[in-house]
Amino acid sequence: MIEEIKEVARPSVVSFKKEDFAKLIINDLSSSKSGRKFLKKYKQSEVREIIENYKDEKNQEKLREISLLIWAKSPQYQRLLKHFAGMATFAHVVPPIKEIRKMNKTKVMKQYVEIGELVKLMNLRHEMTKVLSVAFREDIFYGYIHKEGTKSFHIQQMPFEICKLSSVEDGVLNYSIDMSSFEKNEDQLYKWADEIQYKYREWKVLKEKNPKISKWVELDAKNTICIKVNEEMLEIFPPFAGVFDSVFDIEGFKELRKDKEKLGNYMVLTQKLPMRTDSDNNNDFLIDKDFMMFFHNQASDVVPENVGVITSPMEIDPITFKENKADNDGVGKATRDFWEGTGVSQLLFSSDNNSSAGLAMSIKSDEEIVFQLLTQIERWLNRYLKSQFKDLMFNVSILPVTRFNQGEMYKMYLENAQYGVPVKNHLSATVGLDPIEVMNMSFLENDLLKMHEEWIPLQSSHTMSDSVSVNDSNQSGDEGRPKKDDTDIADETSRDRDKPN
């Protein structure tokens, strides 16, 4: 009897657990970060909420801190603040405020020279530019005046945390300081001004008698300066806090662009595991786990870091990470939104210049903001002069001259001076001369060096005689009528000028 042939059963089914496939991930492509922050301490949503509740004193302190952090991290925000803070030239004159024709000439001249020397010592361009840099960043500047006779003048920035607005005098803001802040560091008190040391000791004695006494003590107005951009409101609110959101958007789009570029360089290779077609068992592979891992590791070892390897029994469609649209960059859009939010023309900081005339008119709007602050500084300066001179006969007038309109203002004063208007000092101020410099340089050049007698003017249409022929004058390089200023021409003409030759 023929023995019945029995089917030899396979010893085991070649199947894998899901944990075995989980170990095959070589490169994790899901590197997106949730809750991305531009500032470590604040999220974009938190900044929005702080701005909405700016009347809370704690939020005012946070807004100032956020402004400082953004200033340190955002080049757009930094350039915006420098644009406004560095715009003014602080050209100034010292006009009389009293009838000086009947006064003693020696006395009048003496005070004019003293005021001129004092203002020169102040170095307004340097000191006030620093003041405006802080004011535009934090909305307010608290300063203390250090003056040593006729040798030095310095404005010390006082810490925001210990200062508080307290009064207005002659239209100028005054502030108080928190005396309790010195209690823990009395050994460092000597570093502060004599007035602060004296008032702290006085306050400490009063506190021992009355523990409920206010910790705020106002400093002498003659020793302080306080400049606030948003002068119409008491709350501290950085003038460009409205664009904080746009700064977050710019940084967010930059991160997204980096992620897109990173994903665009990725590639995925797939290896399909062979399965038995004649088996009734699920997950029955033709090769075992060790053999599969050998080929998987072989592929993984030779591909670059940005190429992923997937080993799977299933069909996998091609995976690409390319962008669907060519123009999908939100950084440029967010940057444009930033400048639109500030009210400042992006043409100032971009080569995408469409119209010189339009840019000039945009700058005019920016200048108006700075002129308001120049008025504040002028009022403070004249109040300071009152404290230095008993019978004050002069004031300081800061002219509305910026680095952008300097040529225009010079032309205006020159035309007025030609008709006899007494603006020679104004004309000199627009080119950067202080009143004391104008007086001394005039004496030096005319009386001592006699430069007006030694110097021979260059030949021009104003100095040439009538005997010079028209042809000769044309050979001097005269190309006809001078070009108009950008502010006097139409946009079409401006665009034609801006076109490359």
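Residue numbering note: each chain is counted from 1, following its sequence as written. Whole-chain, interface and lining totals are the exception, using all residues; otherwise, since this is a predicted model, local features are given only for residues with pLDDT of at least 70 and side-chain atom pairs are given and counted only at 80 or more. For the side-chain quantities, the full set of heavy atoms in the structure was used; hydrogens and water were omitted.

Trainee: Explain the sheet that holds strand E2 (residues 140-148) to me, please; I cannot follow it from the model alone.
Mentor: Strands belonging to one sheet form pairs held by backbone hydrogen bonds; the direction of such a pair is parallel or antiparallel. Note: two strands are recorded as paired if DSSP finds a minimum of 2 bridges between them. Comment: elements are numbered from the N terminus, with helices defined as DSSP H or I runs of at least four residues and strands as E runs of at least two. Read from one edge to the other, the open sheet built from three strands follows the order E3-E2-E7, with strand pairing classed as antiparallel. Strands with a single pairing partner mark the edges of an open sheet, and in this sheet they are strand E3 (152-157) and strand E7 (224-228). The mean inter-strand angle of the sheet, taken between neighbouring strand axes irrespective of direction, is 25°. As paired strands, E2 and E7 are joined by five bridges and run antiparallel to one another. Helix axes are fitted only over the stretch in contact, all axes being lines through C-alpha atoms; the angle between N-to-C directions runs from 0 to 180 degrees.

Trainee: So what exactly am I meant to see when it comes to the confidence of the model for the protein here?
Mentor: As a note on interpretation, predicted positions should not be read in detail where pLDDT is low. The pLDDT averaged across the protein works out to 80; a share of 68% of its residues lies at or above 70. Note on residues 26-36: pLDDT is under 50 here. Beyond four places in sequence and across chains, it has 14 contacts. Scored below 50 in pLDDT, residues 469-477 makes three contacts in the model with residues more than four places away or belonging to other chains. Confidence scores per residue from the predictor, reported as pLDDT, run from 0 to 100. Contacts between residues were defined by any pair of non-hydrogen atoms, one from each residue, lying within 4.5 Å.

Trainee: Would you mind showing me how to read the sheet that holds strand E6 (residues 216-218) here?
Mentor: Strands sit in the order E4-E5-E6 across an open sheet of three strands; the sheet is antiparallel. The sheet terminates laterally at strand E4 (163-169) and E6, the two strands that pair on one side only. The average angle at which neighbouring strand axes cross in this sheet is 35°, direction not considered. Judged from the six bridges that link them, E4 and strand E5 (residues 172-178) form a sheet pairing that is antiparallel. Residue Glu-169 lies in a different strand from E5, and its bridge partner there is Val-172.

Trainee: Before we go on, may I ask you to explain the state of the cysteines in this structure?
Mentor: Disulfide: a covalent bond formed between the sulfur atoms of two cysteine residues. Count a disulfide wherever a pair of cysteine sulfur atoms falls within 2.5 Å. Under the definition given, this model contains zero disulfides. The structure places no disulfide on Cys-226, whose sulfur is separated from the nearest cysteine sulfur, that of Cys-163, by 8.3 Å.

Trainee: Even after reading the chapter, I still don't get helix H5 (residues 105-122), so can you show me in this structure?
Mentor: The α-helix advances 3.6 residues per turn, and as a result positions three or four apart in sequence lie on the same side. Every helix has an expected span of 1.5 Å times one less than the residues it contains. The end-to-end C-alpha distance of H5 is 26 Å, a good match for the 26 Å that 18 residues give at a rise of 1.5 Å each. For each residue, the accessible area found with a 1.4 Å probe, counting protein chains only, is set against the maximum for its type, and the residue is called buried under 20%, exposed over 50%, and partly exposed in between. Those residues of H5 that fall on the buried side of the exposure criterion are Val-108, Gln-111, Tyr-112, Val-113, Ile-115, Gly-116, Leu-118, Val-119 and Met-122. For this analysis, a polar contact is any N or O atom pair within 3.5 Å, provided that within protein one partner can donate a hydrogen and the other can accept it, and provided that sequence-adjacent residues contribute only side-chain to side-chain pairs. One side-chain oxygen at the N-terminal end of H5 lies 2.9 Å from the backbone nitrogen of Thr-106; it belongs to Asn-104. Directly beyond the C-terminal end of H5, a positive phi value near 50° is found at Asn-123.

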